[in-house]
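# Coordinate inspection notes
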Amino acid sequence: PWQRNRALAIVESYRGQRGTLLPILHDLQHEFGFINDEAVPVLAQALNLSRAEVHGVISFYHDFKRQPQGRTVVKLCRAEACQSVGANRLVAHAERRLGVTMGGTSADGSVTLEGVFCLGNCALGPAVMVDDQLHGRVDTVRFDSIAGDIR
Ligand code: FES
């Protein structure tokens, strides 16, 4: 969970240095698994930036999350090569099977479902990444077997 004091200590540890927004954001993401909205005004003030600038940087980088992520993160490729072999169908199936809409996290915190644009596995689509493990040619049956392992 987000800890305000710990977050402030991270920001403070960079005091007096320049160009520290990205390193601080990485530290916050690493420490808490996401960047709480309350960090935005704190960072803006500490680094003499506008809130919009801080917000813009957080939104620009896909690695920075605004919400806590599920224990398992399932990424479905939505790029062209995978789309041509049924990725959209798979997305609809995955949402139903996991009870989560794209970009969302299940209420019990077990899983986050994310759309990504190419997993570098285009010849073997539809491609799915579960945490750090890549799966190719994922049809609905294979997806259900992958989903069955999620706790
Ligand atoms: Fe899906 Fe590249 S298009 S892995």
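Since the structure is predicted, the reported quantities are computational estimates derived from the model, not experimental observations.

Rules of the game
Position labels on residues start from 1 in each chain and follow its written sequence. Per-residue local features are limited, in this predicted model, to residues with pLDDT of at least 70; the limit for side-chain atom pairs, both in listing and counting, is 80 or more; totals at the level of whole chains, interfaces and linings are taken over all residues. Excluding hydrogens and water, the side-chain figures rest on all heavy atoms present in the structure. The set of buried Ala, Val, Leu, Ile, Met, Phe, Trp, Tyr and Cys residues whose side-chain atoms join them within 4.5 Å is what this entry labels a nonpolar core. When accessible area is computed with a 1.4 Å probe and restricted to protein chains, residues below 20% of their type maximum are described as buried, those above 50% as exposed, and intermediate ones as partly exposed. Labels follow the DSSP assignment, with helices taken as runs of H or I lasting at least four residues and strands as runs of E lasting at least two, numbered in each case from the N terminus. Contacts are assigned to residue pairs that have any heavy atoms within 4.5 Å of one another. Multiply 1.5 Å by the residue count of a helix minus one, and that product is the helix's expected span. Note on definitions: angles span 0 to 180 degrees between N-to-C directions of axes, and those axes are lines fitted to C-alpha atoms, for helices only across the stretch in contact. Here the word oblique covers every angle except those under 35 degrees (roughly parallel), over 145 (roughly antiparallel) and from 65 to 115 (roughly perpendicular). Put simply, a crossing is left-handed when the front helix is turned counterclockwise from the back one by less than a right angle, and right-handed when it is turned clockwise. Under the convention adopted here, Pro, Cys and the residues Ala, Val, Leu, Ile, Met, Phe, Trp and Tyr are nonpolar, Asp, Glu, Lys and Arg are charged, and Gly plus all remaining residues are polar.

## Side note on the nonpolar core
Counting 19 residues, the largest nonpolar core has Leu28 and Leu43 as the members making the most contacts within it. If you list the elements that add at least two residues to this core, you get helix 1 (4-13), helix 2 (21-32), helix 3 (39-47) and helix 4 (51-60). The biggest single contributor to this core is helix 2, with five residues. Here Leu43 is in contact with Val11, Leu21, Ile24, Leu25, Leu28, Asn48 and Val54, once residues within four sequence places are set aside.

## Notes on helix 6 (residues 87-98)
With 12 residues, helix 6 ought to run about 16 Å at 1.5 Å a step, and its terminal C-alpha atoms sit 16 Å apart, in line with that. Listed as buried for helix 6 are Ala87, Leu90, Val91, His93, Ala94 and Leu98. The inward-facing, buried residues of helix 6 contact strand 1 (72-77), helix 5 (80-83), strand 2 (111-116), strand 3 (128-130) and helix 7 (140-147). Looking one or two residues past helix 6, Gly99 carries a phi angle of roughly 70 degrees, positive in sign.

## Some remarks on the packing of helix 2 against helix 3
Interaxial distance between helix 2 and helix 3 falls to 12 Å at its minimum, and their mutual angle equals 150 degrees. In terms of their interaxial angle, helix 2 and helix 3 are classed as roughly antiparallel. Judged by the sense of rotation from one axis to the other, the crossing of helix 2 with helix 3 is right-handed. In contact with Leu21, Ile24, Leu25 and Leu28 of helix 2, helix 3 contributes Ala39, Leu43 and Leu47. Residues of the contact of helix 2 with helix 3, tallied by class, amount to seven nonpolar, no polar and no charged.

What is shown is where atoms sit, not what they do.
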